[in-house]
Amino acid sequence: MTNLVIGGTGKTGRRVVSGLRDLGLPVRATSRSGPVPFDWTDRATWAPALDGVRAAYLTYQPDLAFPGAVEAIGELTSLAVSGGVRRLVLLSGRGEDEAAASERIVQESGLEWTILRCGFFFQNYSEGAFAEMVRAGVIALPGGGVAEPSVDADDIADAAVAALTSDRHVDTLYELTGPRLLTFADVAGELSAATGRLIRYVPVTAEEYIGMLTGYGMPATEAVLLTGLFTTVLDGRNASLTDGVRLALGREPRDFTAYAKEAAASGVWKA
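What you are looking at is a predicted structure, and each value in this text was computed from that prediction instead of being measured.

Asks: Would you mind showing me how to read the nonpolar core here?
Replies: Generally speaking, soluble globular proteins have nonpolar side chains that are buried together. Ranked by size, the top nonpolar core spans 31 residues in total, and within it Tyr125, Ile139, Leu141, Leu191 and Phe256 carry the most contacts. With residues up to four places along the chain from it excluded, the contact list for isoleucine 139 reads Tyr125, Met133, Val134, Val187, Ala188, Leu191, Ile199, Arg200, Tyr201 and Val202. The next biggest cluster of nonpolar side chains, apart from the first, holds 25 residues, and it includes Ile6, Leu58, Leu88 and Ala99.

See the structure below:
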């Protein structure tokens, strides 16, 4: 029996794969084009990926708040039950009302479960959509002065590995945050200090952000949905800290300053 990581090349998924391998445990890392393909839009790939799996880490693309996510999580969970999977660990969205329905499906499945509920990742600025903005020196996003308790993807992955491998986390929901609240202006200041050059935050409207996304080639429907989610969770609902990382891992969460210094040293933000 193996451990399945859906989205094994993603921000948290590849870290979970690495953590499981470091423990000497069998792991099946899936992606759309990997040796074991898995595609949320192609249900024919789901059952083969689950074959012979003991525990699975579920990450949904593009987001659990998007249309069709609940149905997909429901069908995959049913396949997991019928296929003999023992445990599911679901990466969920903090402050996303729609994600709660997917959480309930996993919680009521009869399987062992752990929910990891998170907001923004630090790594969005170095491995994701915001990295090019940082390199250009201008972070242009909606959200204004709302503070967000972003969390390090390494902390999420460590919690996921612990949940996959230890019975201590069974039937537990962890809300994972970093150790402090940061506005986008705060982030720009941290990144300026880490890189040694000026990085500014420029607030934009939802309409302007949609235009930016479609200009990058994102389909208009997806751009509208993503921007809607973005502005919704940045209404102040997530502007609070939790002790989820400490409860899950017995240590304090990593701070953004340490992340920014390490990422800058890697050269990821060189213009």
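Asks: Whenever I open this one, the pairing of strand E2 (residues 27–30) confuses me. Can you help?
Replies: When a strand is regular, its side chains alternate between the sheet's two faces. When strand E1 (residues 2–6) meets E2, the two strands line up parallel, connected through 4 bridges. For leucine 4, the partnering residue across the bridge sits in E2 and is arginine 28. Taken together, E1, helix H1 (residues 13–22) and E2 form a β-α-β motif whose crossover is right-handed.

Asks: Please clarify how unusual backbone geometry should be interpreted in this entry.
Replies: Excluding glycine, most residues fall at negative phi; most peptide bonds, likewise, are trans. The linkage connecting glutamine 61 with the following residue, proline 62, adopts the cis geometry, with an omega of 5°. Here proline 62 shows up in the loop between strand E3 (53–58) and helix H3 (69–82). Unusually for a residue other than glycine, aspartate 171 sits at a positive phi of about 60°. Summarising the element assignment, aspartate 171 is placed in the loop between helix H6 (153–165) and strand E7 (172–176). Aspartate 171 gets classed as partly exposed once you look at its relative accessible area, which sits at 44%.

Asks: Help me understand the packing of helix H7 (residues 184–195) against helix H11 (residues 256–266), please; the structure alone is not making it clear to me.
Replies: Each pair of packed helices can be summarised by the angle the axes make with each other and by the distance between the axes. At their nearest, the axes of H7 and H11 sit 9 Å apart, and the two run at 45° to each other. One element, H7, and the other, H11, form an angle in the oblique class. Where H7 crosses over H11, the handedness of that crossing is right-handed. Note on element contacts: H11 touches H7 through Phe256, Thr257, Ala260, Lys261 and Ala264, opposite Val187, Glu190, Leu191, Ala194 and Thr195.

Asks: Looking at this structure, how should I read the side chain of threonine 59?
Replies: Assignment of secondary structure puts threonine 59 in the loop between E3 and H3. Within polar-contact distance, the side chain of threonine 59 engages the backbone oxygen of isoleucine 6 at 2.7 Å. With residues near it in sequence (within four places) discarded, threonine 59 still touches Ile6, Gly7, Thr12, Trp40 and Leu91.

Asks: Sorry if this is basic, but what is going on with the packing of aromatic side chains here?
Replies: The description of an aromatic ring pair uses the distance of the two centres, along with the angle that the planes make with each other. On inspection of all chains with the given rule, the structure shows 16 aromatic pairs. A centroid spacing of 6.1 Å and a plane angle of 15° characterise the contact between phenylalanine 38 and tryptophan 46, whose relative ring orientation is stacked. An aromatic cluster of three or more residues is present, and its members are Phe120, Phe122, Tyr125, Phe130, Phe184, Tyr201, Tyr209, Phe230, Phe256, Tyr259 and Trp269.

Rules behind the numbers
- Residues numbered from 1 in each chain as written.
- Predicted model: local features only at pLDDT ≥ 70, side-chain atom pairs only at ≥ 80, totals over all residues.
- Heavy atoms only, no water.
- Core = buried A, V, L, I, M, F, W, Y, C linked by side-chain atoms within 4.5 Å.
- Buried < 20%, exposed > 50% of the residue type's maximum accessible area, 1.4 Å probe, protein only.
- Contact = heavy atoms within 4.5 Å.
- Pairing = 2+ DSSP bridges.
- Helix = DSSP H or I, 4+ residues; strand = E, 2+ residues; numbered from the N terminus.
- Right-handed = clockwise from strand over helix to strand, strands pointing away.
- Axes fitted to C-alpha atoms, helices over the stretch in contact; angles between N-to-C directions.
- Parallel < 35°, antiparallel > 145°, perpendicular 65-115°, else oblique.
- Left-handed = near helix turned anticlockwise from the far one by under 90°.
- Polar contact = N/O pair within 3.5 Å; in protein donor to acceptor, adjacent residues only side chain to side chain.
- Phe/Tyr/Trp six-rings, centres within 6.5 Å; stacked < 30°, edge-to-face > 60°.

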